[in-house]
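Structure at a glance
Each chain, written out:
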Amino acid sequence: MRYLPLTPEDRKEMLATIGAASIDDFYTDVPEAARLGGKISGLPDHQGELAVERHMGALAAKNRTASEGPFFVGCGAYKHHVPATVDHIIQRSEFLTTYTPYQPEIAQGTLQTLFEFQSQVAALTAMEVANASMYDGSTACAEAAVMACRVTRRRKVILSGGLHPHYAAATRTVCEAQGIEIVQLAPGVDAELALAEAVDDETACVIGQSPNVFGTVTDLTPVADAAHEKKALLVSVFTEAVSLGMVTPPGEMGADIAVGEGQSIGNALNFGGPYVGLFACSKKLMRQMPGRLCGETVDADGKRGFVLTLSTREQHIRRDKATSNICTNAGLCTLAFTAHMTLLGEKGLGHLAQLNHEAACMLADALEGVSGVELLTPRFFNEFAFRIPGDAGDVLEKLDGLGVVGGVRASRLYPGKGLDDVIIAAATECTTEADIKAYADALSKVLA
Amino acid sequence: MSMNSQGRPTSPSAPSAQPAIQTVSGSRGLQQREDLIFETGSTTKTGVDLPAPKGGMDRLGGVTRKKSVGLPGLSEPEAVRHYVRLSQQNYAIDLGLFPLGSCTMKHNPRLNEKVARMPGFADIHPLQPQSTVQGALELIDQLATWLKTLTGMPAVAMSPKAGAHGEFCGMMAIRGALIARGEIETRTRVLVPASAHGTNPATAVQCGFTVDEIKADARGRVDMEDLKSKLVDSSDIAGIMLTNPNTCGLFETDIREIADLIHEAGGYFYCDGANFNAIVGRVRPGDLGVDAMHINLHKTFSTPHGGGGPGAGPTVLSEALADFAPVPFVVEEDGVFHLVEQRSGEGSEAFGRLCAFHGQMGMFTRALTYMLSHGADGLKQAAEDAVLNANYLQSRLKKVMTPAFDGYCMHEALFSDAFTAEGIETLDIAKAMIDEGYHPMTMYFPLVVHGAMLIEPTETESKAELDRFCESLLSIAEKAKAGDESLKAAPYLAPKRRLDETQAARKPELRWSEPDKIAAE
């Protein structure tokens, strides 16, 4: 067994040193009725690398990858190109196989990258401070709602009609358990500004999204103004981090808390995880933030260094009074994010955002040219919704038969909401003009 | 011995006292100084080459960024050097023994990494048609089968993204069950041992419960008298959150009785599975009366810790709680796998959704790869070796150090600071270990032991490595016993000296800002 260094002789010698007769001596505290004799049945014995790789490879081969052909699925996770350098960096042993940097003298590598990550996220969202990551965008959104209730001492959260339904559901799960009231506004392609009407004196926060789940970009400034007038907070959500290279960021719209999904920068699709939740806020709310924070300090020689800080907010110190129960975060995914962002820089990010936007514009033009297609999203970055005559599920299945993965049917996210004829499609820098033509041609055929 | 340019062997000159060398660069030999990207990069520099935009396309409707972002870029060689230099300031399992108790820093097999990067796993989207991801759903189903079989539990929720998220999942399932019984208003109290991970009380509160702490007894286990006294009036009991093996590294001897008492009181038994690695193949939590337990794939099943994540915390559930699992979940029908994403209305008690998608797929691929590599026989051997290694350390270290409790331990050995001289504390011992080339043990946890030092070697250390580690730690312990003041300023040889955490908290600098901006504040 290749992962176990002890030899039978070692084991014998070690038992002798300890003064134990056999390994069983260590398990005598286990209630006798619960002790297993022999090994657990129904599972295979150990295997070599080749056999395991074959087994896993066979499972992998049953999946269609996003790179295999025209692919337009978005809605919270996006197919982007990740530079080879990023994957090399995150596979460095010193990053891959280390723990949370609780011993800062021998964890400055992790700590400095976290400090840089926090600085990048704050800049990207145009917010004052950011934490060292959450599990993903949806759990970051849920934590933001709870934090807003803590800050305002209110118990009501209002969700926009364009907030990703999975984010809304994750937020509902966390809030309901704590007796926080959730008000969900009706789904709408271009309905984020309805939050401004809905906010009242009991509202802790309103949660809006731009670009929203239908791809619509919205300047949430009027929502921020309305919320602040009622002493409520604006939580501004995004699921496509690349958009912030072009689109108005949360901080420029008066958001108090910005949360989003960072997968698009540096991280593969991975069938939904692991991803990296981004969490930023104003400086005055800093001490109410969930999760780890890295801060600058000096060592005994006066040299600059970094440590985890403000940990009295956290569960390992504050226990039942902690701001959150989060412990493990998205460590390595933050490294992938920060490394990719460092390679991009402001120049590369802006360029990448423009390529994404242009791909989506070309896709919209091409699909609008197909008879029967009605574009629904009025302003978009790299994703939009459109209506087709017929059932979106059937249409997507037929497109799939023609080699085109055409997007997400809105009814998968909103069952029973009358959106059966709506498709949400995304394009990125990976989308080629040939892909776009293939989509338009296939859709023409399917709708003919 | 090395050769000089003339081919003659060279040897070091006569040994002399080492002068205090100051370098101009700030680097020290292989230890390279590395500034922040905000100091070395520029907003006009980039390390990616992208095709030229076409221009003339704009459907943003004016919702555009007004100010510059302020993000520095580096060319590829500069970026690679930046991160490689930083990496060399980190300790890691691949460098040496990482005895962080409760964290299970075992070897991370590279086959796991290779498999996770297969395009068939890494390059698939969570919302693409289910017919195109049958292999992924089958993988989730296979991993679920392993987890259920190893724990002896009938159901598992796969979507929790880390241990604490799994705790949340399990406690929400308990909450769901209490709602179904119509008792959520009355059953609000959750018992949590004083020795618990901080996540346990935090999770209970997050699920709307109140925490009632139970004491540890002199043997480091749950104090049964205290437990019983808390159950005299049990009408408000929702359940108990108990780690087993517990955070003192001990198996809870009375666990069956505890489970029975809680069930009789009308509550549920949440087991924190952080230490499952000690008992895989030897005991099934399902046979201990457990109702819910999360499994840290990044501890027991070798997925990398990555400097603090990502983790994965699938949560196994008993018959009583199985109906209360969150969406989504995978079901198989005639060889076809379906991902159930919505509550199906009547008969479904699912409490909702924990996160956006289906869980940490990238961790699932790694964990299943590890399980298949080890097999049923190897997983059991791994658990036994982890326990053997811990007991070996305990038996050697107790010659100088003070074990917190009598008897054998499970996978980690716990010591108190009773052996240290006045003025020397656990922190000093931990920092001195850094100079010896080791990562410190977990310190000051669990809280029930004074100056706790929790040492978990894991099964992936050889006897020779354990022996070297013992020699180092014993020599430090001797110094601590003798009151050697030099320990107070350790480490001396690390990339950084002790860092001022008080200053960091008093005046938090959480991001880079322009130097003149800082001066103006």
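Computed from a predicted model, the values in this text were never measured in an experiment. Residue numbers here run from 1 along each chain, matching the order of that chain's written sequence. Written order determines the labels here, with chains lettered from A and ligands numbered from 1. Local features in this predicted model are restricted to residues of pLDDT 70 or higher, and side-chain atom pairs are both shown and tallied only at a pLDDT of 80 or more, whereas totals for entire chains, interfaces and linings draw on every residue.

**Things to note about the overall build of chain A**
By definition, any uninterrupted DSSP run of H or I lasting at least four residues is a helix, any uninterrupted run of E lasting at least two residues is a strand, and each is numbered from the N terminus. Scanning chain A from terminus to terminus reveals 14 helices and 13 strands. What you see for chain A is a C-alpha radius of gyration of 25 Å, in line with the 22 Å of a compact globule of 448 residues. C-alpha atoms of chain A, sized along the principal axes, occupy 80 × 55 × 50 Å. Buried, partly exposed and exposed are defined by the number of other C-beta atoms within 10 Å of a residue's own C-beta, namely 20 or more, between the two limits, and 12 or fewer respectively, with C-beta atoms placed from the backbone. Taking all 448 residues of chain A together, 64% fall into the buried category. Sequence separation of 24 or more characterises 73% of the internal contacts of chain A that already satisfy a separation of 6 or more. Radius of gyration: over C-alpha atoms. The globule rule applied is 2.2 Å multiplied by the number of residues raised to the 0.38 power. What counts as a contact is two residues whose backbone-derived C-beta atoms lie within 7 Å of each other.

**Observations concerning the overall build of chain B**
Helix and strand content of chain B: 15 helices and 15 strands. Seen along its three principal axes, the alpha-carbon backbone of chain B occupies a region of about 80 × 75 × 55 Å. Split into buried and exposed, the 521 residues of chain B put 57% on the buried side. Sequence separation of 24 or more characterises 72% of the internal contacts of chain B that already satisfy a separation of 6 or more.

**Quick look at the environment of Ala140(A)**
Residues and elements named next belong to chain A. Looking at where Ala140 falls in the secondary structure, it is placed in helix 6 (residues 137-152). On the neighbour-count criterion, Ala140 (33 C-beta atoms within 10 Å) is buried. Expressed as a C-alpha distance, the spacing of Ala140 and Pro290, which sit 150 residues apart in the sequence, is 8.9 Å. If we ignore the near neighbours within four places in the chain, the residues touching Ala140 are Met134, Val259, Gly277, Leu278 and Phe279.

**Looking at the interface of chain A and chain B**
At the interface, 172 residues of chain A touch 176 residues of chain B. Sort the elements by how many residues they give to the side of chain A that touches chain B and helix 11 (residues 331-368) of chain A lands first, with 22 residues. We call Asp, Glu, Lys and Arg charged. Ala, Val, Leu, Ile, Met, Phe, Trp, Tyr, Cys and Pro are nonpolar, and the rest, Gly among them, are polar. Along the lines of polarity and charge, the residues of the side of chain A that touches chain B split into 84 nonpolar, 54 polar and 34 charged.

**With respect to the packing of helix 2 (residues 49-60) of chain A against helix 11 (residues 361-397) of chain B**
Orientation of helix 2 of chain A relative to helix 11 of chain B, taken along the N-to-C sense of each, is 140°, at an axis distance of 9 Å. Relative to helix 11 of chain B, the element helix 2 of chain A is oriented oblique. The handedness of the crossing between helix 2 of chain A and helix 11 of chain B is right-handed. Residue-level inspection shows Val52(A), His55(A) and Met56(A) of helix 2 of chain A in contact with helix 11 of chain B, the latter providing Thr365(B), Thr369(B), Leu372(B) and Ser373(B). Residue composition of the contact of helix 2 of chain A with helix 11 of chain B, by class: three nonpolar, four polar and no charged. For helices, the fitted line uses only the C-alpha atoms of the stretch in contact; every axis is such a line through C-alpha atoms, and the angle between N-to-C directions lies from 0 to 180 degrees. These descriptions rest on fixed angle ranges, namely under 35 degrees for roughly parallel, over 145 for roughly antiparallel, 65 to 115 for roughly perpendicular, and the rest for oblique. Less than a right angle of anticlockwise turn of the near helix away from the far helix marks a crossing as left-handed, whereas a clockwise turn marks it as right-handed.

**Section: the confidence of the model for chain B**
Values of pLDDT, ranging from 0 to 100, describe the predictor's confidence in every residue of the model. Model confidence for chain B is summarised by a mean pLDDT of 94, while 94% of its residues fall at 70 or above. Of the two predicted TM-score estimates for the complex, the pTM is 0.97 and the ipTM is 0.98.

**Thoughts on the domain arrangement of chain B**
Residue and element names in this part refer to chain B. When its domains are assigned, chain B resolves into domain 1 (113-371) and domain 2 (376-492). Using C-alpha coordinates to define each centre, domain 1 is positioned 30 Å away from domain 2. In terms of residue class, the side of domain 1 that touches domain 2 is built from 10 nonpolar, seven polar and two charged. For each domain, the first and last residues come from an automatic or database assignment.

**Notes on the pairing of strand 5 (residues 233-238) of chain A**
Residue and element names in this part refer to chain A. With six of six residues buried, strand 5 lies mostly within the body of the structure. Two strands pair if DSSP finds at least two bridges between them. One ladder, built from five bridges, connects strand 4 (residues 205-209) with strand 5; its direction is parallel. Bridging from a neighbouring strand, Gly208 pairs with Ser236 of strand 5. Crossovers are marked right-handed if the path from the first strand over the helix to the second runs clockwise, as seen with the strands pointing away from the viewer. Between the parallel pair strand 4 and strand 5, the chain is carried across by helix 9 (residues 221-229), and the sense of this crossover is right-handed. The sheet contact formed by strand 5 and strand 6 (residues 257-261) spans four bridges and is parallel. Of the residues in strand 6, the one forming a bridge with Val237 is Val259.

**Some words on the domain arrangement of chain A**
Residue and element names in this part refer to chain A. For chain A, the assigned domains are domain 1 (84-340) and domain 2 (346-447). Here domain 1 and domain 2 have C-alpha centroids that lie 28 Å from each other. Listed by partner, the interface residues are 16 residues for domain 1 and 21 residues for domain 2. For the side of domain 1 that touches domain 2, the class distribution of residues is 10 nonpolar, four polar and two charged.

**Comments concerning the sheet that holds strand 12 (residues 408-409) of chain A**
Picture the strands of a sheet paired through backbone hydrogen bonds; they go either parallel or antiparallel. All names here are of chain A. Across the sheet, which stays open at both edges, the four strands sit in the order 10-11-13-12 with antiparallel pairing between neighbours. Each edge of the open sheet is held by one strand with a lone partner, namely strand 10 (374-375) and strand 12. Examined bridge by bridge, strand 11 (residues 383-387) and strand 13 (residues 422-426) share five bridges and lie antiparallel to one another. For Glu383, the partnering residue across the bridge sits in strand 13 and is Ala426. On top of the sheet, helix 11 reaches strand 10, strand 11 and strand 13; it is set at about 10° to strand 11, its chief contact.

**Description of the environment of Tyr27(A)**
Assignment of secondary structure puts Tyr27(A) in the loop between helix 1 (8-18) and helix 2. Judged by the 20 C-beta atoms lying within 10 Å of it, Tyr27(A) falls in the buried class. Tyr27(A) sits 398 residues away from Ala425(A) along the chain, and the two C-alpha atoms are 56 Å apart. Among all residues touching Tyr27(A), those that are not within four sequence positions of it are Arg35(A) and Arg282(B).

**What about the sheet that holds strand 7 (residues 277-281) of chain A?**
Residue and element names in this part refer to chain A. Strand order in this open sheet of seven strands is 1-7-6-5-4-2-3, and the pairing throughout is mixed. The two strands at the open ends of the sheet, each matched to only one other strand, are strand 1 (129-130) and strand 3 (181-184). Sheet strands in contact with helix 7 (residues 165-177) are strand 2 (156-159), strand 3 and strand 5, and its direction is about 160° off that of strand 3.

**Observations regarding the pairing of strand 7 (residues 268-272) of chain B**
All names here are of chain B. Within strand 7, five of the five residues are buried, leaving the element largely enclosed by the surrounding structure. The alternating pattern of strand 7 places Tyr268, Tyr270 and Asp272 on one face and Phe269 and Cys271 on the opposite face, and all of these are buried. Here five bridges tie strand 6 (residues 237-243) to strand 7, and the two strands are oriented parallel to one another. Directly across from Thr243, in strand 7, lies its bridge partner Asp272. The parallel pair strand 6 and strand 7, bridged by helix 9 (residues 255-264), forms a crossover whose chirality is right-handed. Inspection of the sheet shows strand 7 paired to strand 8 (residues 292-294) by two bridges, in the parallel sense. Considered in strand 8, the bridge of Cys271 is made with Met293.

**Brief notes about the environment of Ile18(A)**
Counting through the fold element by element, Ile18(A) comes out in helix 1. Overall, Ile18(A) belongs to the partly exposed group, with 18 C-beta atoms counted inside 10 Å. Taking the C-alpha atoms as reference points, Ile18(A) and Lys230(A), 212 residues apart in sequence, are found 68 Å from one another. Those residues in contact with Ile18(A), other than ones at most four positions away along the chain, are Asn391(B), Tyr392(B) and Ser395(B).

**Side note on helix 5 (residues 134-151) of chain B**
Residues and elements named next belong to chain B. Every helix has an expected span of 1.5 Å times one less than the residues it contains. Relative to the 26 Å expected for 18 residues at 1.5 Å per residue, helix 5 spans 26 Å between its end C-alpha atoms, a close match to the ideal helical length. Every buried residue belonging to helix 5 is among Gly135, Ala136, Leu137, Leu139, Ile140, Leu143, Ala144, Trp146, Leu147, Leu150 and Thr151, and all of these are buried. Where helix 5 ends, the next residue or the one after it, Gly152, has phi of about 70°, a positive value.

**So, helix 12 (residues 426-435) of chain B**
All names here are of chain B. Counting buried positions along helix 12 gives eight out of 10 residues, so the element sits mostly inside the fold. Along helix 12, the residues classified as buried are Thr426, Asp428, Ile429, Ala430, Lys431, Ala432, Met433 and Ile434. Two residues or fewer after helix 12 comes Gly437, characterised by a positive phi angle close to 90°.

**Description of unusual backbone geometry**
Residues and elements named next belong to chain B. Here the residue pair Asn244 and Pro245 is connected by a cis peptide bond, since its omega of -10° sits within 30 degrees of zero. For Pro245, the position within the fold is in the loop between strand 6 and helix 9. Residue Pro310 is bonded to the preceding Gly309 through a cis peptide linkage, with omega at 0°. Structurally, the position occupied by Pro310 is in the loop between strand 8 and strand 9 (315-317).

**Overview of the nonpolar core**
By convention in this section, buried Ala, Val, Leu, Ile, Met, Phe, Trp, Tyr and Cys residues joined through C-beta atoms within 7 Å make up a nonpolar core. Counting residues in each nonpolar core, the largest one holds 320 residues, and the members touching the most others are Ala145(A), Ala148(A), Cys205(A), Ile207(A), Val235(A) and Ala173(B). Residue contributions to this core peak at 20 residues, all from helix 11 of chain A. In contact with Cys205(A), not counting residues within four places along its chain, are Ala145(A), Ala148(A), Val157(A), Ala232(A), Leu233(A), Leu234(A) and Val235(A).

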